[in-house]
Amino acid sequence: MSIGNSPAEERPSDDGPSLGETLRRARAKAGLRVEDLSASTRIRVPLVQAIENDDFSQCGGTVYARGHLRALARAVGLAPEPLLARYDAEHDGAPLPTPAAPLFEAERIRPDRRRPNWTAAMVAAIVAVVAFVGFTVVSGGDEPAGTKRHAAEGAPAGDSASPSPSASPSGSPSPASPANPAESAVAAVPADKVTVKLSVPERRSWVSVKDHTGRSLFDGVLEQGQHKTFTDAEQVDLVLGDAGAVRVSVNGKPIADKFRPGQVQRLSYTKGNPSEG
């Protein structure tokens, strides 16, 4: 009785080149080195080599493997859809949420030390208000009537009293009133640097962030509800694994969301000319 030759156990001989071999041949035909492909896709050289050897274990999960396949296919001039369909067929169907989140567990649970201590600030403000009220009540009986009128902040001015410096004669806020939140956000960023803020309000996404020298500022998953801010003197480069899930603000101004869910997007922002990379 013959054993083997089972269609379920033996790969057909006419399948053609594997996914990795297909990418390698297309790269060679385009005259590109692995280093060239890594520079254009922002995918590390060892990971490009692993994918060309059909080793997807270093991608960090199905979602990221599909994103890398899409980027590499486009870089070597191939249509990504047939490669993605073949990958899904060879790896148990459509992509599921990646199990690689524990790799970035430390990033998610580490407290943000830059977050202001609002509890302490609130307590200090309450103490200041109570002290001011107590001082006004205690000292009010020893002052002349004219002095008490000026001490009451916001009290109407009499015929001989000058207007309060904190309000105009019409009662409208003075020019020193705080600007609206959007203007405050713009004013708060350094004018001589590029500041990029990323947030994921609806779902998680993998992101990679580098400065103008190519040094990695962040490479990992932003979980739903998280946000991070990055600053560089000249340029910030981004790779968004699921661009439709990420909200981007540059120098305090939100960038219009025009990316589709699941789309891998490479972006580059500078101080004076935000543009897509």
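Here, the structure is the one placed above.
So, a few notes on the structure that sits alongside this text.

Rules and cut-offs
Residues numbered from 1 in each chain as written. Predicted model: local features only at pLDDT ≥ 70, side-chain atom pairs only at ≥ 80, totals over all residues. Heavy atoms only, no water. Helix = DSSP H or I, 4+ residues; strand = E, 2+ residues; numbered from the N terminus. Buried < 20%, exposed > 50% of the residue type's maximum accessible area, 1.4 Å probe, protein only. Contact = heavy atoms within 4.5 Å. Areas by Shrake-Rupley, 256 points an atom, 1.4 Å probe, with all protein chains shown as cover. Phe/Tyr/Trp six-rings, centres within 6.5 Å; stacked < 30°, edge-to-face > 60°. Salt bridge = Lys/Arg side-chain N within 4 Å of Asp/Glu carboxyl O. Axes fitted to C-alpha atoms, helices over the stretch in contact; angles between N-to-C directions. Parallel < 35°, antiparallel > 145°, perpendicular 65-115°, else oblique. Left-handed = near helix turned anticlockwise from the far one by under 90°. Nonpolar A, V, L, I, M, F, W, Y, C, P; charged D, E, K, R; others polar. Pairing = 2+ DSSP bridges. Core = buried A, V, L, I, M, F, W, Y, C linked by side-chain atoms within 4.5 Å.

### Considering the overall build of the protein
Right, on to step 1. When you go through the protein residue by residue, the secondary structure sums to nine helices and nine strands.
Right, on to step 2. Per-residue burial for the protein yields a buried fraction of 31% across its 277 residues.
Right, on to step 3. Counting only contacts in the protein whose residues sit at least 6 apart along the sequence, the fraction spanning at least 24 positions is 60%.
Right, on to step 4. Total accessible area on the protein is roughly 17,500 Å²; 57% of this is exposed by carbon and sulfur atoms.

### A few points about the packing of aromatic side chains
Right, on to step 1. Counted by the stated rule, this structure contains three aromatic pairs.
Right, on to step 2. Seen from their ring centres, F56 and Y87 are 5.1 Å apart, and the 65 degrees between their planes marks the pair as edge-to-face. Taken together, the positions of F56 in the loop between α3 (45–52) and α4 (62–75) and Y87 in helix α5 (residues 80–90) put the pair 31 residues apart, joining distant regions of the chain.
Right, on to step 3. Ring centres of F218 and F230 lie 6.2 Å apart, and the angle between their planes is 40 degrees; on these two criteria the pair is classed as tilted. Within this pair, whereas F218 is found in strand β3 (residues 216–222), its partner F230 is found in strand β4 (residues 227–232), the two being separated by 12 residues in sequence. The same class applies to F218 as to F230, namely buried.

### A short note on the pattern of salt bridges
Right, on to step 1. A full pass over the atoms with the stated rule returns 11 salt bridges.
Right, on to step 2. Between R86 and E90 there is a salt bridge, with its nearest N and O atoms 2.9 Å apart. Taken together, the positions of R86 and E90, both in helix α5 and four residues apart, correspond to about one turn of that helix.
Right, on to step 3. Judged by relative accessible area, R86 falls into the partly exposed class, the value being 21%.
Right, on to step 4. Relative accessible area serves as the criterion here: at 39%, E90 is assigned to the partly exposed category.

### What about the packing of helix α2 (residues 34–41) against α3?
Right, on to step 1. Where α2 meets α3, the closest approach of the two axes is 9 Å, and the angle between their N-to-C directions is 115 degrees. In terms of orientation, α2 and α3 fall into the roughly perpendicular class. For α2 against α3, the interelement crossing comes out right-handed. Here V34, E35, L37 and S38 of α2 lie close against α3, whose contacting residues are V45, V48, Q49 and E52.
Right, on to step 2. Looking at the contact of α2 with α3 residue by residue, the class counts come to four nonpolar, two polar and two charged.

### What to know about the pairing of β3
Right, on to step 1. Pairing between strand β2 (residues 205–211) and β3: six bridges, direction antiparallel. Residue pairing in the sheet places W206 in a bridge with V221 of β3.
Right, on to step 2. Counting the residues between successive antiparallel strands, the hairpin from β2 to β3 contains four residues, one of them, G214, with a positive phi of roughly 90 degrees.

### Some words on the environment of L238
Right, on to step 1. Of note, L238 is situated in strand β5 (residues 235–240).
Right, on to step 2. Along the primary structure L238 and V209 are separated by 29 residues, whereas in three dimensions their C-alpha atoms are 4.8 Å apart.
Right, on to step 3. When sequence neighbours within four positions are dropped, the list of residues in contact with L238 reads R42, V196, L198, S208, V209, V248, Q265, R266, L267 and Y269.

### Some details on the nonpolar core
Right, on to step 1. Counting 20 residues, the largest nonpolar core has L23, I51, F56, L69 and L72 as the members making the most contacts within it.
Right, on to step 2. Contributions of two or more residues to this core are made by α1 (19–29), α2, α3, α4 and α5.
Right, on to step 3. Not counting the four nearest positions on each side in its chain, F56 is found in contact with L19, I51, A65, L69, Y87 and H91.
Right, on to step 4. Core analysis: the second largest hydrophobic core is formed by 19 residues, F218, A243, V248 and Y269 among them.

These figures capture arrangement, not role.
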